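Below are the chains, spelled out letter by letter.
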Amino acid sequence: MGIILFALNAKAQADPMFTQYWALPTLLNPAATGDTDYIRIRGGARLQWIGVTNAPKSFVGTADSPFKLFNKRIGAGVTITQESIGLFSNLLVGAQGSYKFKLKKSQVSVGVQLAYYNSRFRGEDVYIPSDDEFHQPNDPSIPTENLSGNAFDISAAVTYTHPLFHLGVSAMHITNPTVNLTREGTESTDTQQFETKLPTSLYFDAGGNIGINNTLFTLQPSLLLASDFTDFAAQVTMRATYNKFLSLGVAYRWNDAVCVMVGAEFKNFFLGYAYDVPTSALARASAGSHEIVAGYQLKLDFSTKNTHSHKSIRIM
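Note that the structure is a prediction, hence the values are computed from the model and not measured. (Residues numbered from 1 in each chain as written. Predicted model: local features only at pLDDT ≥ 70, side-chain atom pairs only at ≥ 80, totals over all residues. Heavy atoms only, no water.)

Undergrad: Outline the overall build of the protein, supporting the account with residue identities and numerical values.
TA: Helix and strand content of the protein: zero helices and 18 strands. Sequence separation of 24 or more characterises 58% of the internal contacts of the protein that already satisfy a separation of 6 or more. Accessible area for the protein stands at about 15,800 Å²; split by element, carbon and sulfur atoms hold 63% of it. (Helix = DSSP H or I, 4+ residues; strand = E, 2+ residues; numbered from the N terminus. Contact = heavy atoms within 4.5 Å. Areas by Shrake-Rupley, 256 points an atom, 1.4 Å probe, with all protein chains shown as cover.)

Below, the structure written as structure tokens:
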């Protein structure tokens, strides 16, 4: 009889959770593809809970662009995420697409993501102390060989963009894919007794721009809610941007961390850094988490007849 091996950290995260999620808008919402008039390329790295052995490490790359098809505005993009959590290493490669239409002065976008998901378990690194009260060194329910498996994944999302604010809702991994793990280098069905699941996760994000009269400052509050129907996470963020160039921000992630961040956008380049200070019991074992996001965007030439043209308030 098979067992289920869950790739979890303390928050049971199914997707890499970046403090600067607003700088990676297509990571958790494929409907955000093509929401500016730029080819947008961004990447990020997150080292979580420094000082904790086998703590999560996340790397992500995204690229998206708008297109005109039959005089309709669409968006297309790709996303790649790689995350290691404990003895698990997970890779997701997704192709994204979105369709956009006007609703009075606002824009609605509906998007989908089709993805390949791979999960690996480093069984050769399993160590069970001889005095373990719960497991024997030869426990058959704990694999001691390297395992891997693949699955197909589907996600869907919608965004609503107003000149002053935006809202987004996404259902990631709606097929709740199950990955059958086999010994690497073999396809024998006799070894398919282990499996891991990629849980369906719901995300809601909101944000806006608040200009301060007679100054070069803009306030950009944002909110992210996430749930996989077992655990819940929430982050509230406030950033202040000066002259569309330099930004400083603070955030609070519920029952997890207080975060500080700094970012700069010069011409077509973006660079952001965030540092998380744990507020949970992890503070006794970890010095915090470090995160960096960098990107480049290239302006596309859309004609004045493009009635969908707007400046995304997601961008500083």
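The structure having been displayed, the exposition proceeds.
Undergrad: Give a detailed account of a nonpolar patch on the surface, specifying residues and quantitative values.
TA: On the surface, Ile212, Leu216, Phe217, Tyr242, Phe245, Leu246, Leu248, Val262, Phe266, Leu271, Tyr273 and Ile292 cluster together into a nonpolar patch covering about 1,100 Å² of accessible area. Those elements giving two or more residues to the nonpolar patch turn out to be strand S15 (246-253), strand S16 (257-266) and strand S17 (269-278). By the element assignment, tyrosine 242 lies in strand S14 (residues 232-242). Judged by its relative accessible area of 37%, tyrosine 242 is partly exposed. (Patch = residues over 30% accessible without salt bridge, like charges linked within 9 Å, V, L, I, M, F, W, Y side chains within 5 Å. Salt bridge = Lys/Arg side-chain N within 4 Å of Asp/Glu carboxyl O. Buried < 20%, exposed > 50% of the residue type's maximum accessible area, 1.4 Å probe, protein only.)

Undergrad: Could you give me a rundown of the pattern of salt bridges, with the residues and numbers involved?
TA: A full pass over the atoms with the stated rule returns nine salt bridges. The partner of arginine 122 in a salt bridge is aspartate 125, and the shortest N-O contact between them spans 2.9 Å. Through salt bridges with shared partners, one network takes in Arg46, Arg253, Asp256, Asp276 and Glu291.

Undergrad: Break down the side chain of aspartate 205 for me, with residues and values.
TA: If you trace the backbone, aspartate 205 turns up in strand S11 (residues 201-208). The exposure class assigned to aspartate 205 is buried, which follows from its relative accessible area of 10%.

Undergrad: Talk me through empty space enclosed by the protein; I want residue IDs and the actual numbers.
TA: All told, the structure shown has nine cavities of 30 Å³ or more when counted by the stated rule. In this structure, the second largest cavity occupies an estimated 150 Å³ of space. If you go around the second largest cavity, you meet 16 residues; those closest to its centre are Ala14, Asp15, Pro16, Thr81 and Leu92. Counting residues per element, the ones that place at least two in the lining of the second largest cavity are strand S4 (72-85), strand S5 (88-103) and strand S6 (106-122). (1 Å grid on protein atoms, 1.4 Å probe; cavity = no way out; pocket = protein on both sides within 12 Å on 5 of 7 lines; lining within 4 Å. Points joined across faces, edges and corners; volume = space filled by probe spheres on them.)

Undergrad: Describe the pairing of S16, naming the residues involved and giving the relevant values.
TA: Residues Ala257, Cys259, Met261, Gly263 and Glu265 of S16 are buried on one face, while the alternating residues Val258, Val260, Val262, Ala264 and Phe266, pointing to the opposite face, are not. Sheet topology places S15 next to S16; eight bridges connect them, and they run antiparallel. What sits directly across from tyrosine 252, in S16, is valine 258. Linking S15 to S16, which pair antiparallel, is a turn of three residues; within it asparagine 255 sits at a positive phi near 60 degrees. Relative to S17, S16 runs antiparallel, the two being bridged by 10 bridges. (Pairing = 2+ DSSP bridges.)

Undergrad: How would you sum up unusual backbone geometry? Please name residues and give values.
TA: The phi dihedral of asparagine 54 is positive, around 60 degrees, even though this residue is not glycine. Residue position: asparagine 54 is located in the loop between strand S2 (38-47) and strand S3 (57-69).

Undergrad: Any details on the nonpolar core? Residues and values, ideally.
TA: Phe18, Trp22, Leu24, Leu27, Tyr203 and Val293 are the most contacted members of the largest nonpolar core, which has 19 residues in total. Those elements giving two or more residues to this core turn out to be strand S13 (217-227), S16 and S17. At three residues, S16 tops the list of elements feeding residues into this core. Beyond its immediate stretch of four places on either side in the chain, leucine 24 contacts Phe18, Arg42, Gly43, Val60, Thr62 and Val293. Counting residues in hydrophobic clusters, the runner-up holds 13 residues, among them Tyr117, Phe121, Ala151 and Phe194. (Core = buried A, V, L, I, M, F, W, Y, C linked by side-chain atoms within 4.5 Å.)

Undergrad: Help me get a handle on the environment of leucine 147, residues and values and all.
TA: Position of leucine 147 among the secondary structure elements: in strand S7 (residues 146-161). Separated by 25 residues in the primary sequence, leucine 147 and arginine 122 place their C-alpha atoms 6.7 Å from one another.

Undergrad: Describe the environment of alanine 285, listing the residues and the values that go with them.
TA: Residue placement: alanine 285 occurs in the loop between S17 and strand S18 (289-299). Between the C-alpha atoms of alanine 285 and isoleucine 50, which are 235 residues apart in sequence, the distance is 8.5 Å. In contact with alanine 285, other than residues within four places in its own chain, are Ile50, Gly51 and Val52.

Undergrad: Which residues make up the packing of aromatic side chains, and what values do they have?
TA: Using the criterion set out here, one finds seven aromatic pairs in the structure. With a centroid separation of 6.1 Å and 40 degrees between ring planes, the pair formed by tyrosine 160 and phenylalanine 165 is classed as tilted. You can call phenylalanine 165 partly exposed: its relative accessible area is 31%. Residues phenylalanine 232 and tryptophan 254 carry aromatic rings whose centres are separated by 5.8 Å and whose planes lie at 65 degrees to one another, so their mutual orientation is edge-to-face. In this pair, phenylalanine 232 sits in strand S14 while tryptophan 254 sits in the loop between S15 and S16, placing the two residues 22 residues apart along the sequence. By relative accessible area, phenylalanine 232 is classed as partly exposed at 43%. Stacked on the ring of phenylalanine 270, the Lys or Arg arginine 42 has its end atom at 4.3 Å from the ring centre. (Phe/Tyr/Trp six-rings, centres within 6.5 Å; stacked < 30°, edge-to-face > 60°. Lys NZ or Arg CZ within 6 Å of the ring centre and 35° of its normal.)

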